[in-house]
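Below are the chains, spelled out letter by letter.
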Amino acid sequence: MNAAVCPPKLFVRTVPLRGGADSLVRRLPAGAPLAWLTGDDGLVGWGRAAHWSPDAEPAGTEPTDTTRFTEAARWLNGVLERAVVEDEVGLPGTGAVAFGTFTFAPTSTGSTMVVPRVLLGRRGDRAWLTTVTDEPGVHPGELLYPAPAPRPVGPLSWDTGELTAREWGGVVADTVARIRAGELDKAVLARDLVARAEGPIDVRTLLERLHARYPQCFTFSVAGMVGATPELLLRREGEELSSLVLAGTRPRGADTEEDERLAEELMSSAKDVEEHGLAVDSLRDALAPLAEELAVPAWPHLLRLANVQHLATRAHARLRPGVSALDAVAALHPTAAVGGTPTATAMRLIDEVEGMDRGGYAGPVGWVDGAGNAEWGIALRSAHVDGATARLFAGCGIVAGSEPESEIAETESKFRPVREALTDG
Ligand SMILES: C=C(O[C@H]1C=CC=C(C(=O)O)[C@@H]1O)C(=O)O
């Protein structure tokens with residue numbers, strides 16, 4: 001593990017950008033961009049002032065093991081305790097900020113936290129620049145990085161992932177049988193697809209396209225995990241926490257009439273309402289011990305995105321004193337929107353039948369600042385980009401009433417955001 005025994009001493013300075021910061025993505029250099037964008041707000045960062053990435057836990061570790069989260073919190077606390085911070089803005093996302101991605105399972109490699117050398121942020125009409133150096137009063141070299149325009153992706157070849165759609169449909173059918181036999185209530189099963197470009201994929205191109213098409217989602221890039229997730233695991237501001245649970249899906253209709261019909265079908269589908277309810281229950285059960293107050297609406301609302309519509313529930317909580325954002329991430333992951341019910345049984349089944357390593361897919365991705373404010377999404381509608389290769393992921397909640405053919409079609413809708421970001425333009 002490279003979690004430094006003694007973390008570096010960092011000098012962090014945040015200043016307002018009076019002229020604002022339009023097109024945050026256009027300010028990013030190529031390479032390993034860090035990004036979290038939603039609506040007109042966002043954070044982008046580059047360079048690496050401090051970095052943590054643990055070894056995977058050994059095979060056989062309990063699937064619900066939370067060591068990677070507690071180690072990350074210890075590393076982050078070490079960095080923050082030694083940091084000298086001058087913050088002239090004082091908003092969530094100013095001062096010291098770490099971006100992070102955590103693997104779905106404890107036995108996968110890829111969990112990472114990064115404090116960038118340079119960060120640009122925007123919230124409403126406020127914008128700021130944060131620089132992080134090893135000595136006071138020095139500008140990081142990365143600040144002067146020229147930012148050439150994002151490169152088009154170019155021609156791609158596509159491969160099925162670990163399972164073909166047909167094989168995966170067979171796995172869904174077997175899982176439905178196991179659910180009907182009473183082994184578990186729900187499992188979220190995913191499949192992958194691989195795209196190969198002729199040269200390194202410029203992640204900024206994907207970020208621009210994803211953010212333009214899915215402005216209400218959280219478009220992210222951290223350590224190769226890139227996507228636009230609609231699902232907010234948690235937002236923490238002060239002691240207030242909110243979360244947006246999604247489960248239950250229909251495609252968008254070709255016209256308003258079909259769209260409405262599909263929405264009504266979704267809202268009244270016993271299968272989807274059950275699938276959604278299990279995800280909400282898992283959030284409520286995990287959050288209750290951390291919260292002084294917890295409010296969860298009794299009925300879901302409809303969330304419409306460019307590719308699909310979802311059943312959605314927004315929960316609010318007031319956290320107990322001393323509960324950090326990473327404590328909450330550790331407690332909430334995985335909700336039954338990406339794992340299943342019961343959690344450990346579902347995670348074992350996923351590991352047994354999916355035939356692939358999810359890596360960071362369906363794991364928490366986001367950022368946390370030195371004041372404890374944070375936004376963490378669930379890394380859905382995403383790909384892992386490594387050089388010229390992008391591995392795309394999409395999954396569906398499987399319950400007793402699921403049908404393989406419609407679940408395969410649903411994964412196709414969920415591949416669309418990244419697939420189109422790779423191929424458009
Ligand atoms: C697992 C995914 O979506 C989850 C979130 C929303 C709706 C879902 C569903 O209807 O199955 C899934 O629970 C994915 O996009 O890969």
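Conventions adopted
Residues numbered from 1 in each chain as written. Predicted model: local features only at pLDDT ≥ 70, side-chain atom pairs only at ≥ 80, totals over all residues. Heavy atoms only, no water. Helix = DSSP H or I, 4+ residues; strand = E, 2+ residues; numbered from the N terminus. Expected span 1.5 Å × (residues − 1). Bend = angle between axes of the 7 residues up to and from the residue. Buried < 20%, exposed > 50% of the residue type's maximum accessible area, 1.4 Å probe, protein only. Near = heavy atom within 4 Å. Polar contact = N/O pair within 3.5 Å; in protein donor to acceptor, adjacent residues only side chain to side chain. Areas by Shrake-Rupley, 256 points an atom, 1.4 Å probe, with all protein chains shown as cover. Nonpolar A, V, L, I, M, F, W, Y, C, P; charged D, E, K, R; others polar. Phe/Tyr/Trp six-rings, centres within 6.5 Å; stacked < 30°, edge-to-face > 60°. Lys NZ or Arg CZ within 6 Å of the ring centre and 35° of its normal.

Another point: helix α9 (residues 404-423). Residues spaced three or four apart along an α-helix point in a common direction, a consequence of the helix completing one turn every 3.6 residues. Given a rise of 1.5 Å per residue, 20 residues ought to cover 28 Å, and the 27 Å separating the end C-alpha atoms of α9 matches this to within 8%. Of all the bends found along α9, the most pronounced is centred on R416 and spans about 45 degrees, while P417, a proline, follows it within four residues. Along α9, the residues classified as buried are E407, I408, E410, T411, S413, K414, F415, P417, V418, E420, A421 and L422.

On to the site of the ligand, then. T249, A337, Y361, R381 and G395 are the nearest of the 18 residues found near the ligand. G395 is positioned with one of its backbone polar atoms (N or O) 2.7 Å from an oxygen atom of the ligand. Protein chains bury 100% of the 390 Å² of accessible surface belonging to the ligand in isolation. Among the elements of the structure, β15 (240-251), β23 (389-398) and α9 are those that each provide at least two residues to the shell around the ligand. Of the residues that constitute the shell around the ligand, the class distribution is eight nonpolar, five polar and five charged.

Enumeration according to the criterion identifies five aromatic pairs in this entry. Judged by centre distance (5.1 Å) and plane angle (10 degrees), the rings of Y361 and F393 are stacked. Note that Y361 is positioned in the loop between α8 (343-353) and β20 (364-369) and F393 in strand β23, a separation of 32 residues in sequence. Judged by relative accessible area, which is 2%, Y361 ranks as buried. Of the aromatic side chains, those joined through ring pairs into one cluster are W52, F69, F102 and W376. The ring of F104 has R358 sitting right over it, with the charged end atom 4.3 Å from the ring centre. A cation sits over an aromatic face here: R419 above W158, 5.0 Å from the ring centre.

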